[in-house]
Each structure stands twice: as C-alpha cells, then as structure tokens.
Amino acid sequence: MTSLMTFNRPIISLLLACAGALPISLNAADELTTRSITFAAVPRVAAPTPEIDGDLSDPCWRDARVIEGFHLTAGNRQAAPQFKTTAKILFDETHVYVAFECLEPDVAHLKAGAKQHDDPDIEFDDRVEVFFDNTHDHRHYWELAVNPAGVQFDQAAFYRFQGSRTCDFFPEKNLFWRARTKVGDDRWTAEIAIDVTSLGLARIEAGTTWGFNLARVRRPDVKHGDEFLRHEPGNGAEYSAWVPVQDYINETISNFHAPLEFADVVFGEPGFSVEQLELPSAKYTMGPVGRATEFGWNPLNVKLRTADGKPHEYAVALSVEGSSPAGNWSSRDTTAFRSDENTALRYHISEDGENKITLQLLEPSTGVTLYRTSYFESVPPFADFDLSALYDPRATLTDSIKVRVPADDATRASSELRLSFRPAGDGAEIQSAVVSDLSAAEPKPVFDLKKLRSLPGGDYVIDCALVDKRSGKLLGKFRQKLTKPAPKAPAQFGAERVPYSFGGVALDAIRVHFPFDAQFVFWRGANYMPWWEMDQVAISYQGMEAWGGGGQGCNEAMQDRESRYTTVELVENSPARAVVHWRYALADAHYFIYNNEWVDEYFTLYPDGAGVRVANLWANVAAQHEVLDTIVVKPPGTRTDQLFEGPISTLANLDGKQISVRNTSSDRDSYKAFLASGKDFIAEFHFKNRLHPYAVFSFRDDLMPGVTRGMVSVSRTLFQNAEHRGHWPLARYPIDGYNVVGNDVPTHFSFGNIHTETDPTRAPNRWLFLIGAAQSGSDAPVRQAKAWLYPANVDSFDGSTAFRGYDAAERAYRLETTAAQREVNVRFKSADGVFHPVLLVKTKATPNSVRVDGAPLSVSQFAVGRTVSGEAVIYLGVELKDGATVGFALE
C-alpha cells in the first residue's frame, strides 16, 4: 500500500522535536504507554512457491522467516514450553505462506475430534493457529486454525478495547485459505497458504504491515463452559504462542485473542526494525486509565533499529481520523532516525471520542511505504467540569462550578473557552461564560452558582466551544449533559412509573419516593438495576452475577443494555409500602445466558427508608455466584473524593463495633477477625452531605445459604484503581469492563461483594438482605437490623387474634383475625424493643385508628395499605418498648 490516506483538512506541516519543534508538556505524574514491538520482516518467496501438502521439504522454506522460542500463554507463563514448535513465514504477490513443525512424543494420542470445516469444537483439539490483523489497526483480525487431521476453522474477530473482557467473534465470515497436515513418528506439521485476494486486496506490496501471531495448542483439557474455571491447563495440555499475549478474556484459557500485542510483520525488507512506540494511551484492564490522548498536540516517540546501525532519513506520515470528518488531520515530513534512539513526533487531536492514529514510514525519494501501524485511542472532551457544587445539597454559595481544559500548553495558551448553560433540548440560554486565560491547567470557576441552584430540577446542557483567540476560528465543540437535582421539600411515600433523569438522560423508570431526600429507582438507563439516589449520587446492590458457562466476561443484568431479558413491575403501591418485582437473566455482553439461569428479585420498601431485598435464583448448576455487590454511581463532573468524608465505608456488628478497611488485601487479618467475631453485620456507606445507604446481612442459612465468611468483602474499596468503569450505566459500547477516559459521563465503582454457592436442587435459591438509607450518625441501621434479625414474640393478650409468625422477606409480623372481628390487640415482647414494626393482617376489613399502650397514634405515625394478595398492611413509624401493646379497629 503505497498511497497516503486522504483527509478533509489541509496538510499541516509536522513539527518534529528532533527538528527544533516545541516540546510536548507532560504533567509530572503523566507517563506515556510504552508498546514494545515484536518485529519481523518476511521475505518474498522465490519460485517455485511451496506445494501445500504438509511436507516442509520444499526448497523455498529454507529462505523463510523462522519463528522459534514460543512462549506459554496459560498456566505458568514464566516457564518454557515442554513441546517445541517452529514456524516459518513467506509471501508472494497474492499469498502468505505459513508452516508449523510441532514436536510431539505421543502422536498416537493427538486430539482431532473436529471432522468438518468450521466446527467450533476444534477448540478441544490439538491445533495450530494463525492470527493476523491485515488492517493493522489492532482491533480487527482473523483467526485460522487447523488440527492434525487437516480440518480447518476460520473466523473474523473484533476486540475494541483489550482488557475489556469482551471480544466479538464472527464464525460466519470466511476467507480462501488452504491447509494440509502430516503426522510423523515424533511430530506433526501443517502447511498453510492464505489468499489475500479473498481479503479484498489486489496484491501484497512490499512494506505492507500486518499484526501477526502464531500459536499452538497441545492436547487441550477443557470441556464446554468450564474455561473460566480452568486457568491452569492440566493433563499435558499446553498453550503457546510466538508473542506471549494476554487477552484478559477469562473464558478463553488460551489468552490468544490480543491483537494489541500481536507482532508487527512487514512483507519485504524495510532496512530497519521498529523496536518501540510510546504514546498517551488509556488502559482497559480495570486498573488506572493511564494517560489518555488529549485534545491538541500529543507526543509519539518511535524507536527504530536500522539494519546497519547508522542514522537514516525516512519520510514520516502521521494522520488522525476522528469520529467525524471535522476531526481529521494529517501531515508528512522527513526526519533522520538514529539506531535504537527515540525520535520524538507529535500528532493533533481536534475532537473527543474514538480517534484512529496512523503512523507510516516511507522511503523519502519514492514515497514507497516501508511500515504502517494504527491505534484507536479514546479522547476525553476538551472541557472537564467540576459540577459537584451543583449536586451537593449543602454546598455554600462560595463554592462554584469549575472547568479546566486538558490539552497541551500551546493549545491552552492560544485558545479561549466559551460556555453556554441552557436547558436540554436547545432551550434559551440561562448563563454564559468566557474563560480567556487557559494557560494554567488548574480549574477555573464559571457561572453564578446561586442562580443555577435556584433553577428547577431537570436536564440541562453546557455547550462548549474552544476558539482560537487570534483568528476566532472554532477549534472544537462539546456538549456536557447533566441533571440538576430539584430543590424540593420531602415527598410523601409512594411509587410511580414515570421518566427519571440521571446524567442528563431521561428514560422510563419506577421511582419509590420517601418523606426524606432520597428515592429508590429502577431506571432503564441502568438496565433497571435498582439504586438509592440522593442528589444525583447513587448506590446499588447490583444483582446476581456468574462467570464462565460459555459466556464471556460477567453474566449479569448489568450487561443487558437493551433490556432484552430485564423487566420491572410495580406490584404494590400504597401509603404503607411499595413492592417492586425485577426479573433478569444472567447474560453476558453478547446476550448469551449463563446456563439459562434467571433471577426474580423482590424489593419491599417502607416509609422509613428500610426494606428487604429478596433474590431468587433459578439455578441450573452448582457453582459460585455473586449475590451482592455494592456499587457507587457517580454523575458527570464529580470525583470520588468529593462524595465521601470520614470512613468511606464501615462494617459494623449489632454491638456497635465497626471496622473500616480501605482495601481488604492490605489488612486481611483484621478483616477476617472482625467477620469471625459474629454472624450479623451492617455495611454502611458514608456519603458526604447525603443519607448513608446500608445493607444488613447475616450468616444464617435461612437468609444467606451457601455463603461463608471467606466469600464476603463488602467494606473494601476498589476505586483507587477502578473508579472510571464506563460499561454501566448508559454504556457507549456493548462490552464488559472498560474504563472511560473523561469525566463527562456517569461511571461506577465497587465497594465489595458477597459470593455464594448455589444448589440446583432448590427451586429457587433464595437470599435475603435488609436495605435502607439513614442520616449520618444515626443508630437506625442497628435498630432496624435487630428488629429484622431478632423479631419480638407476639401474643394476643385478649385472645382476639392469631399470630402466624414473623416473615423476614416482608419485614412483617403476620396476624390472622376472624371474619366477624372488629378489634385487634397484640403484645410485643422484646428486650431490645421493636423498631418500626409492620403488621400483615389476614382480614378483609380495613384498619383505621391505631393505639400503642392505649394511646392513639397520629396519622403521621402510621400508614395502612393492602397487599396484592388482599392482606391489610399496617406500618408503624414508632419504636415499641418491651411489652408494648398495639390495638386497632377494623371497619
């Protein structure tokens, strides 16, 4: 491929640091991502080309590029493979030729169960594989496999973000390639010819560059669906490859699917090898996001090793393809490269989103391409807002909304930022601001916070324009979405199905309101996974989750972005309580359902903000699942440190003792000792200036069957290295586990989780948790927990009513009356008292006035409703002392 790519913007001269260009500024903490490259020049085959028959005695193979020293990709990756593999590569105008020689002392037991083309069960066979990325964009690639019987398999694949744990495979796609094998006494061989015309290429030009890897699987020992559980190959199984890649896809034990790490194969001899590239690049392995490529100028360092060790001049073509034509840029210049030394280049980004950066090295006089590579990089917006003061219900008017421009020094110095705050839907401008001095990287205050805080709650946008100060030319546009909380009085308790907004996006939801500043929400933008929301900060208990079973990544409701399997129903709604039914399948990002397992969850919520989550799993396998994961959701424009104060989370027992562990791995002994000290615990999450959500759990078989103390880690914090998880809510891409690079969209992170073993003989498996939200410093969580875990004894002191027991799933005492009964009187006996009791009365009559110890309660102290099955619900918003009596009339 000798022609340069064409772009919509005029050619801009590339300023190279080695030619006296201004240096790119980096913050002290910034580091470029180093990509060490396995480089190989492949020779053109001399006639005749190899005969594809599995016999490697053709003379042309003597001149091939030889690949030895395969590396293990599974198990002990530091060890050398026991079974040697040698490969060779050649090419001609229209074909790439690959040969494998696999030493095998036990050829009698080679596995070759696949008998027909494209049989996916070749995964369980001995085989060799060719992986190649012929566009060299480190995303799109082909996988070719052949087993010792000569049966072929091929498929196309797309891996958007390596480390995101989700790769798209397209086995229905095929290309024209031939393979033949031979089995000898102590080895087997494979010979492959790939016809590139079936890839849409007319020919292979010298300088064409592909991503490439070669792999061998020896006697795999896995079964359908157990790849996740088998990280260590057994029984003589061995997975090895030319380049020791790591794909992060837990359900592929081979680790082969990592196009970002494939070798760079150049067809022909360029006269150099590319040793290393350094560039700003985000990471997607659930760790730090790295230093992302930013708006404006970005550095790109290239290290070559010339064949003769002397300096050489090469033409350098750099280009950027943005998400729209306005984001395109290209440049070409000539510079001298010194062998094994970094040469500093730079490229320009003019819009956020995904940008494709392409580097070409060319022969200066002819323009013939010698090497070509591309990377997709995610770019954050040029305006990074701090909106925390707008969300914080107790923010002072001395606080402010702030903005900074993450870009290079030269771009900030020559630009100004123009902002317009307006309602969503292109409403009239409310406020405007201009930031003319962007020379410093620190955030600048903008807008009149007092005026913005007086606005009604709803969805708003901030239109942003970056403008060149001299010419007035528009450099970039961006629109920040946000939802402003409503300045509201406490709402009455109740539920409704109405649109709900988070992060500037309004979608269908069931909302349960409370007479304090919180709501419990089942929102379409979160795949209906429920959460507590307090002024645009949320915490969810997530739902059930499993791994493996033929799926890819996590199998959970979080992956069902289209809500194909997720439904939510408002079952009950009365002044006394609301009941919501949430159903979902354990599906991965490709909508594959783990062992056809589904979950029915019921949330029974009361006016005091405490309720019960009941998770019913229709299990089909005995395997470990996650039953609870405490997840915080951040709105756009916030940092984690702005949301919490004091201990970020605590784990407490019912005696008031507590422990706060920032990371259980750093103080594992203390954490284990605390869990071993009892069986009942409260996990509380300490938001700043907001209510504190909590969850109560107990190591009781009737509440958490299959859970041991080693499966609990709910007070840990992971946000130090994974607080930018962008795959939920409002995910941009249907993949699991990637980090976002900007602060402009909602993100989430986990506080910790509880795992459990499942029993498929139970129908269903069931787990119960008390959940709620309380004021900071309140002892309500402890009192609620005691009342739920250790209910009072109840008797009818006048013989008028039968007590049918305490129902933990309903958080209620069950009573039954006679048909003619008009008065109910019961006594509660509990040394700790009874906090906010709930009565379920089997009666067709309607309770009205309520008395405690003979004194009537006010209408604000109790509420009455009826269950879907017809029972009367009486919620008492008071605390009963030991021996207290409760009476009420029935009409």
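As the structure is a computational prediction, the values presented were derived from the model and not from experiment.

Describing the state of the cysteines
Here is step 1 of the chain: Counted by the stated rule, this structure contains zero disulfides.
Here is step 2 of the chain: You can see Cys-167 has no disulfide; the closest cysteine sulfur is in Cys-554, sitting 16 Å from it.

Comments concerning the side chain of Ser-796
Here is step 1 of the chain: By secondary structure assignment, the location of Ser-796 is in the loop between strand S53 (793-795) and strand S54 (802-807).
Here is step 2 of the chain: The exposure class of Ser-796 is buried, given its relative accessible area of 18%.
Here is step 3 of the chain: At a separation of 3.0 Å, a polar atom in the side chain of Ser-796 contacts the main-chain amide nitrogen of Thr-801.
Here is step 4 of the chain: A polar side-chain atom of Ser-796 sits 3.3 Å from the main-chain carbonyl oxygen of Asn-825.
Here is step 5 of the chain: The residues touching Ser-796, leaving out its near neighbours within four places in the chain, are Thr-801, Asn-825 and Val-826.

Concerning the pairing of strand S44 (residues 610-618)
Here is step 1 of the chain: Counting buried residues in S44 gives eight out of nine residues, a clear majority hidden from the surface.
Here is step 2 of the chain: In this structure, strand S43 (residues 593-605) lies alongside S44, joined through eight bridges in antiparallel fashion. Following the sheet pairing, Glu-601 is matched in S44 by Ala-615.
Here is step 3 of the chain: The antiparallel pairing of S43 with S44 creates a hairpin that spans four residues between the two strands, and Gly-609 there sits at a positive phi of about 85 degrees.
Here is step 4 of the chain: As judged from the eight bridges shared by S44 and strand S52 (residues 765-774), these two strands associate in the antiparallel manner.

Considerations on the packing of aromatic side chains
Here is step 1 of the chain: Under the defined criterion, the tally for this structure stands at 49 aromatic pairs.
Here is step 2 of the chain: Aromatic side chains Phe-39 and Phe-272 sit 6.5 Å apart centroid to centroid with 35 degrees between the ring planes, which places their arrangement in the tilted category. Taken as a pair, Phe-39 in strand S2 (residues 39-42) and Phe-272 in strand S16 (residues 272-279) lie far apart in primary sequence, 233 residues in all. Phe-272 shares its class with Phe-39; the two are buried.
Here is step 3 of the chain: Seen from their ring centres, Phe-685 and Phe-751 are 5.0 Å apart, and the 25 degrees between their planes marks the pair as stacked. Taken together, the positions of Phe-685 in strand S48 (residues 680-687) and Phe-751 in strand S51 (residues 747-757) put the pair 66 residues apart, joining distant regions of the chain. Across the pair, exposure class does not vary: Phe-685 and Phe-751 are buried alike.
Here is step 4 of the chain: Here the aromatic residues Phe-493, Phe-514, Phe-516, Phe-520, Phe-522, Trp-532 and Phe-603 are joined through ring pairs into a cluster of three or more.
Here is step 5 of the chain: In this structure, Lys-173 is placed above the aromatic ring of Phe-170, and the distance from its NZ or CZ to the ring centre is 5.1 Å.
Here is step 6 of the chain: For the cation-ring pair, Arg-709 lies above Phe-699, with the distance from its terminal atom to the ring centre recorded as 4.3 Å.

Quick word on the environment of Trp-61
Here is step 1 of the chain: Mapping Trp-61 onto the fold places it in the loop between S2 and strand S3 (65-67).
Here is step 2 of the chain: Among the residues examined, Trp-61 registers a relative accessible area of 1% and is labelled buried.
Here is step 3 of the chain: For the pair Trp-61 and Thr-189, spaced 128 residues apart in sequence, the C-alpha separation works out to 13 Å.
Here is step 4 of the chain: With near-sequence residues (within four places) excluded, Trp-61 lies in contact with Pro-50, Leu-56, Lys-88, Ile-89, Leu-90, Tyr-97, Val-98, Ala-99 and Glu-191.
Here is step 5 of the chain: A polar contact of 2.8 Å, which involves the side chain of Trp-61, links it to the side chain of Glu-191.

A word on helix H6 (residues 780-789)
Here is step 1 of the chain: Along H6, seven of the ten residues are buried, which leaves the element largely enclosed by surrounding structure.
Here is step 2 of the chain: Listing the buried residues of H6 in full gives Ala-780, Pro-781, Gln-784, Ala-785, Ala-787, Trp-788 and Leu-789.

What about the pattern of salt bridges?
Pairing between side chains of opposite charge can happen when the charged atoms of each approach one another.
Here is step 1 of the chain: On inspection of all chains with the given rule, the structure shows 46 salt bridges.
Here is step 2 of the chain: Where Glu-101 meets Arg-187, a salt bridge forms, and the shortest distance between an N and an O atom there is 3.1 Å. Placement of the pair is Glu-101 in strand S6 (residues 95-103) and Arg-187 in strand S12 (residues 187-195), with a sequence separation of 86 residues.
Here is step 3 of the chain: Put simply, Asp-608 and Arg-811 hold a salt bridge, and the shortest N to O gap is 2.8 Å. One end of the pair, Asp-608, is in the loop between S43 and S44; the other, Arg-811, is in the loop between S54 and strand S55 (812-816), with 203 residues separating them in the sequence. A single burial state applies to Asp-608 and to Arg-811, both of which are buried.

The rules we used
- Residues numbered from 1 in each chain as written.
- Predicted model: local features only at pLDDT ≥ 70, side-chain atom pairs only at ≥ 80, totals over all residues.
- Heavy atoms only, no water.
- Disulfide = S-S within 2.5 Å.
- Helix = DSSP H or I, 4+ residues; strand = E, 2+ residues; numbered from the N terminus.
- Buried < 20%, exposed > 50% of the residue type's maximum accessible area, 1.4 Å probe, protein only.
- Polar contact = N/O pair within 3.5 Å; in protein donor to acceptor, adjacent residues only side chain to side chain.
- Contact = heavy atoms within 4.5 Å.
- Pairing = 2+ DSSP bridges.
- Phe/Tyr/Trp six-rings, centres within 6.5 Å; stacked < 30°, edge-to-face > 60°.
- Lys NZ or Arg CZ within 6 Å of the ring centre and 35° of its normal.
- Salt bridge = Lys/Arg side-chain N within 4 Å of Asp/Glu carboxyl O.

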